[in-house]
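Survey of secondary and tertiary structure
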Amino acid sequence: APSLSYATHNPSRSTETAREMSAIRTAEPFGEGVPFGDPGWYTKFNSPYYTQSHVEYRAKVRAFVEKEIMPHTHEWDEKKSLPLELYRKTYEAGILPGVVGSPWAGGMGAQLDVKGPKDFDYFHELIILDEFGRCGSGGVLWGLLEGVHIGLPPVLNFGSDDLRKRCGLRVLRGEATICLCITEPYAGSDVANIRCTAKKSPCGQFYVVDGEKKWITNGVWADYFTVAVRTGGAGMGGISLLLIEKTMPGVQCRRMDCMGVWASGTSFITFENVKVPVGNLIGAENNGFKYIMHNFNHERWGFVVQANRFARVCYEEAFKYAHRRRTFGKRLVEHPVIRAKLADMVRQIDATHHQMENITYQMCTMPKEQSAKALAGITALAKVQSTKVFEYCAREAAQIFGGASYVRGGQGEKVERLYRDVRAYAIPGGSEEIMMDLGVRQAMKEWDAVQSRM
């Protein structure tokens, strides 16, 4: 790791209300050195957000990704699966428990053999998702991290001690896998209108679950399912969360063939008369919608981190290719039109990254109850920003690569694959249209509140 010196930033800021901010001055660059190929704090720019702990953890995660992930990415993506022992490796490397938010391992860290980095926070988690994104495959990243990232937090945040230990510890240790089951053939962004039902048995000891879930990441190899079910009346007030186990009779999963994210295990899941013990209820009955909304901010923030790194990968690959490829007697990068494309990519990527870091800082410093409301709108808009930038960069990189971006494998491998992954970021977790509407509706509510006080 590069040596660092620190300068206190904004010393008047109270350390009781916010984490101390220090400006990192990096003595030498980290990474391959492609200008804008990594976030600014990796190279020549100071940052108020990161500490020595983040710097050391970044080096650790990058070393793992370059050794264990990147050499196999194309093979796993083409195979549409990855080895399940990879979960255990990622745990033993001290990474897997870092994707469920702060605190480390969702508060279960004391019960794990692997310890987290010093003063673990959301910037450490950002580093994990950002560094794994360098593999250039949404499928591989989702196949390994996404089920844990979005499926386990409801169990850790709202589940009973029994569920946290019985399911949570196994997943954190890479001994089992989990997925989040909300979307149905009939309800995607319209979560309040899900149809999957869970009815109490006459003996009162079980819920009997019937219904279908669609586009479920990791579903085909998941051991546990965090499932949104209808236990009450219509609308958001009748939704609960249940933890369903694959070993329960009546659970059927089949892989879906999708445009992109091939290695993510996207699945269609059917629950038919599945008897689920009442002890597998996550939190309180009919409070599931609130838990889902709480989970969405973290999920969408993760999408922002991933999508923006994928945009950066597209830029980085195009930048390097433009220095190798020659047309009309000179390198591609010597053509003004190519430089203009690269410039448009960079300015959007870095702007998005700064917005992302600002949101991450709020996540680190705001009480969770406050951040759940305060960050919903801006996180939704950041998701739109990141996926639109990702789509733009995937297209422009493909134009720079030309025919090489139309071939699976070879020089344009990452760009071709990421071009197919774009829709998997623009639609799931809240489509761009729904996210833009959410952002403005929240702004309207805040303005109404301001007006009412005048």
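Small disclaimer: the values here were computed from a predicted structure and weren't measured.

Section: unusual backbone geometry
In this chain, Ser-102 is followed by Pro-103 through a cis amide linkage whose omega measures 10°. The residue Pro-103 is located in the loop between α3 (85-92) and α4 (122-132) in this model. Phi is positive for Val-261, close to 40°, though the residue is something other than glycine. Overall, the relative accessible area of 5% leaves Val-261 in the buried class. Positive phi outside glycine occurs at Asn-286, with the angle close to 70°. With respect to the helices and strands, Asn-286 occurs in the loop between β10 (281-282) and α8 (288-324).

Structural notes on the pairing of strand β9 (residues 267-277)
As judged from the eight bridges shared by strand β5 (residues 206-216) and β9, these two strands associate in the antiparallel manner. Among the inter-strand pairings, Val-208 is bridged to a residue of β9, identified as Lys-275. Bridge count for strand β8 (residues 251-255) against β9 is five bridges, and the pairing is antiparallel. Directly across from Gln-252, in β9, lies its bridge partner Thr-270.

Things to note about the packing of aromatic side chains
The geometry of an aromatic ring pair comes down to the distance between the two centres and the angle between the two planes. Taken as a whole and judged by the stated rule, the model has 20 aromatic pairs. Note on Tyr-50 and Phe-123: the rings are 5.1 Å apart at their centroids and 75° apart in plane angle, and the pair reads as edge-to-face. On the criterion of sequence distance, the pair formed by Tyr-50 in the loop between β2 (22-26) and α1 (52-69) and Phe-123 in helix α4 is long-range, its members being 73 residues apart. Residue classification places Tyr-50 among the buried positions, given a relative accessible area of 0%. Judged by centre distance (5.7 Å) and plane angle (50°), the ring pair of Trp-142 and Phe-303 falls under tilted. Of the two residues, Trp-142 is situated in helix α5 (residues 138-151) and Phe-303 in helix α8; the sequence distance between them amounts to 161 residues. Like Trp-142, the residue Phe-303 is buried in the burial classification. Put simply, the rings of Phe-30, Trp-41, Tyr-42, Tyr-49, Tyr-50, Phe-123 and Tyr-361 touch in pairs and so form one group of aromatic residues. When the ring centre of Tyr-186 is taken as origin, the NZ or CZ atom of Arg-195, which lies over that ring, is 4.2 Å away. One Lys or Arg, Lys-275, reaches over the ring of Phe-206 and ends 4.6 Å from the middle of that ring.

Considerations on the pattern of salt bridges
Counted according to the given criterion, the structure contains 29 salt bridges. With a closest N to O distance of 2.9 Å, Glu-184 and Lys-213 form a salt bridge. You can see Glu-184 sitting in the loop between β3 (178-181) and β4 (197-200) and its partner Lys-213 sitting in strand β5, a full 29 residues away along the chain. Neither residue differs from the other here; Glu-184 and Lys-213 are each classed as buried. One salt bridge connects Lys-200 with Glu-285, and the closest N-O pair in it is separated by 4.0 Å. One end of the pair, Lys-200, is in strand β4; the other, Glu-285, is in the loop between β10 and α8, with 85 residues separating them in the sequence. By relative accessible area, Lys-200 is classed as partly exposed at 46%. Several salt bridges share partner residues, and in doing so they unite Glu-32, Asp-38, Arg-62, Glu-66, Asp-130, Glu-131, Arg-134, Arg-309, Glu-317, Lys-320 and Lys-414 into one network.

Quick word on the side chain of Arg-300
Assignment of secondary structure puts Arg-300 in helix α8. Look at Arg-300: it is buried, it has no salt bridge, and the nearest opposite charge is Glu-299 at 6.3 Å. Dropping the residues within four chain positions of it, Arg-300 is found in contact with Thr-379, Lys-383, Gly-429, Gly-430, Met-435 and Leu-438.

Definitions and cut-offs
- Residues numbered from 1 in each chain as written.
- Predicted model: local features only at pLDDT ≥ 70, side-chain atom pairs only at ≥ 80, totals over all residues.
- Heavy atoms only, no water.
- Helix = DSSP H or I, 4+ residues; strand = E, 2+ residues; numbered from the N terminus.
- Buried < 20%, exposed > 50% of the residue type's maximum accessible area, 1.4 Å probe, protein only.
- Pairing = 2+ DSSP bridges.
- Phe/Tyr/Trp six-rings, centres within 6.5 Å; stacked < 30°, edge-to-face > 60°.
- Lys NZ or Arg CZ within 6 Å of the ring centre and 35° of its normal.
- Salt bridge = Lys/Arg side-chain N within 4 Å of Asp/Glu carboxyl O.
- Lys, Arg positive; Asp, Glu negative; His and termini not counted.
- Contact = heavy atoms within 4.5 Å.

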